Amino acid sequence: RYEPTWGSLDARPLPAWFDEAKFGVFIHWGVFSVPSFGSEWFWWYWQKEKREPYVKFMDANYPPGFSYEDFGPLFTAEFFDPNQWADILKASGAKYIVLTSKHHEGFTLWGSKYSWNWNAVDVGPKRDLVAELATSVRNRTDLHFGLYHSLFEWFNPLFLEDATNAFKTRKFPTSKSLPELYEIVTKYQPEIIWSDGDGNAPDTYWNSTGFLAWLYNDSPVRDTVVTNDRWGAGSICAHGGFYTCSDRYNPGHLLPHKWENCMTIDRSSWGYRRDARLRDLLPVEALVKQLAETVSCGGNLLMNIGPTHDGRIAVVFEERLRQVGSWLQVNGGAIYGTKPWRAQNDTVSPGVWYTFTPKEGKVNAIFLNWPVSGILELGEPRAKLGETQVKLAGYKELLKWVALGEKGMVIALPQLTPQQMPCQWGWTLQLTDI
């Protein structure tokens with residue numbers, strides 16, 4: 001049994017499914033999806049920081065005296081079709097999803113008895129959005145279902161009172177935050193608890209170790225659940241399950257501890273933005289690059305989309321997800337279930353990232369630029385004459401190669417028209433007996 005101490009909790013082995021999965025989809029959805037302007041931090045930027053674009057936006061579009069709470073009933077989700085979402089998520093090639101059950105605004109996407117009249121069952125959709133998505137994902141896909149939960153809430157009076165008392169009092173975690181965590185685990189049995197937003201309070205204020213000890217010892221998901229590292233000030237990148245370290249974290253080298261790169265397709269926001277331009281969205285080439293780099297360095301990629309207030313996954317997000325999925329159909333062997341190789345990226349050709357498939361003893365070289373010459377030089381692999389074989393994922397015939405002394409090889413790529421290419425945006429060489 002795990003003790004409620006970091007020493008004991010950090011010693012828990014991470015359930016194997018998480019490292020094998022490699023790729024997940026993050027979904028930021030909430031009342032912030034109604035103004036859908038600027039960022040999911042809309043309430044804070046408008047009311048607390050009084051940033052000019054937000055104040056102007058409200059003055060121009062809403063009547064005087066309109067409060068953030070008035071957005072609640074406008075969060076309608078009338079086009080939310082959880083089966084359709086599940087099908088899109090499955091088509092993305094992701095192996096898990098993480099839905100914001102509650103962001104820093106405090107609005108819960110389930111009918112929490114600890115969030116009276118500020119939840120999706122009492123206000124707005126009048127639906128349990130968490131339950132509906134969980135059911136569809138479990139019925140229609142083999143994806144692992146996870147939930148994001150914000151520890152703190154910007155404007156909750158109990159939290160503000162505790163903060164004023166320098167967190168010597170613990171009214172907020174005992175009456176709101178912790179009961180919600182126990183509630184979502186018991187009710188929805190998520191296999192990821194993605195914690196966030198410590199409000200500068202230490203983990204002792206949140207009783208994070210107490211909750212995690214229960215989660216790992218006695219909860220209904222004790223054997224399969226994974227957690228991140230955001231459990232109080234100072235715990236990030238130091239304690240918990242996998243490390244996130246920061247948003248959009250991509251170190252570019254191998255880390256000794258399992259980590260995750262959580263990033264957004266929209267460069268500027270996690271929530272949906274009506275004011276987003278096409279240039280604000282990452283092209284699929286950049287997403288494939290992030291995936292290859294992250295996995296080669298031992299990480300998982302958690303790619304975020306923001307649905308609309310009426311429950312749609314915008315067509316441009318759907319397209320990005322389906323594009324990544326089509327790439328993974330050809331190259332998934334170089335991603336899923338792989339381990340980092342002795343080298344993460346090539347020393348001679350830029351834009352080449354390595355992974356290792358232990359089952360087949362295969363080294364995968366993912367290259368992001370198809371050389372004009374049709375010849376790809378690799379500096380890292382040591383090839384063996386008469387033994388080493390080179391294949392291009394999605395292409396039948398073996399490729400010809402020449403060894404370069406002690407280390408390195410030159411590979412002749414097949415001459416293909418764009419229509420004959422097995423995929424776009426990046427390709428995989430499978431090297432055996434290297």
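Residues numbered from 1 in each chain as written. Predicted model: local features only at pLDDT ≥ 70, side-chain atom pairs only at ≥ 80, totals over all residues. Heavy atoms only, no water.

Labelled according to an unreviewed UniProt entry, the chain appears under the name alpha-L-fucosidase, originating from Urocynchramus pylzowi. Of the comments in the UniProt record for the chain, the one headed Function (unreviewed entry) reads "Alpha-L-fucosidase is responsible for hydrolyzing the alpha-1,6-linked fucose joined to the reducing-end N-acetylglucosamine of the carbohydrate moieties of glycoproteins." Its UniProt record, at the heading Sequence similarities (unreviewed entry), says of the chain: "Belongs to the glycosyl hydrolase 29 family." (UniProt positions renumbered as here; feature names shortened; annotations may be inferred.)

Where helix H8 (residues 171-188) meets helix H10 (residues 208-217), the axes come as close as 11 Å, and the angle between the chain directions of the two elements is 15 degrees. Put simply, H8 runs roughly parallel to H10. Note on packing geometry: the crossing formed by H8 with H10 is right-handed. Contact residues: Leu-178, Leu-181, Tyr-182, Val-185 and Thr-186 in H8; Gly-210, Phe-211, Trp-214 and Leu-215 in H10. (Axes fitted to C-alpha atoms, helices over the stretch in contact; angles between N-to-C directions. Helix = DSSP H or I, 4+ residues; strand = E, 2+ residues; numbered from the N terminus. Parallel < 35°, antiparallel > 145°, perpendicular 65-115°, else oblique. Left-handed = near helix turned anticlockwise from the far one by under 90°. Contact = heavy atoms within 4.5 Å.)

Unlike most non-glycine residues, Ala-77 shows phi in positive territory, near 55 degrees. In this fold, Ala-77 is placed in the loop between helix H4 (52-61) and helix H5 (82-91). Its relative accessible area of 0% is what places Ala-77 among the buried residues. The phi dihedral of Cys-237 falls on the positive side, at around 65 degrees, and the residue is not glycine. Looking at the element boundaries, Cys-237 is found in the loop between strand E5 (226-227) and strand E6 (259-264). A relative accessible area of 35% means that Cys-237 is categorised as partly exposed. (Buried < 20%, exposed > 50% of the residue type's maximum accessible area, 1.4 Å probe, protein only.)

With that settled, the discussion passes to the environment of Glu-161. Mapped onto the fold, Glu-161 is located in helix H7 (residues 157-164). A residue is classified by how much of its surface remains accessible, and Glu-161, at 31% relative accessible area, is partly exposed. As a C-alpha pair, Glu-161 and Lys-171 span 10 residues in sequence and 8.2 Å in three-dimensional space. If sequence neighbours within four positions are ignored, Glu-161 has contacts with Thr-169 and Lys-171.

We now examine the domain arrangement of the chain. Each domain of the chain was delimited in the assignment, giving domain 1 (6-334) and domain 2 (339-432). Put simply, the middle of domain 1 and the middle of domain 2, counted by C-alpha atoms, are 36 Å apart. Each side of the interface is counted separately: domain 1 has 20 residues, and domain 2 has 19 residues. Interface of domain 1 and domain 2: buried area, both sides summed, is about 1,600 Å²; carbon and sulfur atoms make up 68% of it. Counting the surface domain 1 buries against domain 2, the share from its top three residues, Ser-296, Trp-327 and Ala-334, is 31%. One salt bridge in this structure joins Lys-339 and Asp-19, with 2.8 Å as the shortest N-O distance. There are 5 residue pairs in polar contact (both at pLDDT 80 or more) connecting domain 1 and domain 2. Elements that contribute at least two residues to the side of domain 1 that touches domain 2 include exactly helix H11 (284-296) and helix H12 (315-331). (Domains from an automatic or database assignment. Buried area = accessible area lost by both parts, 1.4 Å probe. Salt bridge = Lys/Arg side-chain N within 4 Å of Asp/Glu carboxyl O. Polar contact = N/O pair within 3.5 Å; in protein donor to acceptor, adjacent residues only side chain to side chain.)

With that out of the way, let us pick up the packing of aromatic side chains. The geometry of an aromatic ring pair comes down to the distance between the two centres and the angle between the two planes. Counting across every chain of the model gives 53 aromatic pairs. Summarising the aromatic geometry, the rings of Phe-18 and Phe-242 are spaced 4.4 Å apart at their centres and angled 15 degrees between planes, so their arrangement reads as stacked. Placement of Phe-18 in helix H2 (residues 16-21) and of Phe-242 in the loop between E5 and E6 is noted, with a sequence separation of 224 residues between them. Comparing Phe-18 with Phe-242 shows no difference in burial state: the two are buried. Geometrically, the ring pair formed by Phe-211 and Trp-231 is tilted, given 5.9 Å between the ring centres and 35 degrees between the ring planes. Residue Phe-211 is found in helix H10, and its partner Trp-231 is found in the loop between E5 and E6; the two are separated by 20 residues along the sequence. Neither residue differs from the other here; Phe-211 and Trp-231 are each classed as buried. The cationic tip of Arg-12 hangs over the ring face of Tyr-216; the distance from NZ or CZ to the ring centre is 4.1 Å. Taking NZ or CZ as reference, Arg-51 lies 3.6 Å from the ring centre of Tyr-45, over its face. (Phe/Tyr/Trp six-rings, centres within 6.5 Å; stacked < 30°, edge-to-face > 60°. Lys NZ or Arg CZ within 6 Å of the ring centre and 35° of its normal.)

Right, let's talk about the state of the cysteines for a bit. In the structure shown here, the tally under the stated rule is 1 disulfide. Here Cys-237 engages in a disulfide with Cys-245; their sulfurs sit 2.0 Å apart. Note on the Cys-237 and Cys-245 pair: the S-S dihedral is about 65 degrees, so by sign convention the disulfide is right-handed. Free of any disulfide, Cys-297 has its nearest cysteine sulfur in Cys-245, 13 Å distant. (Disulfide = S-S within 2.5 Å.)

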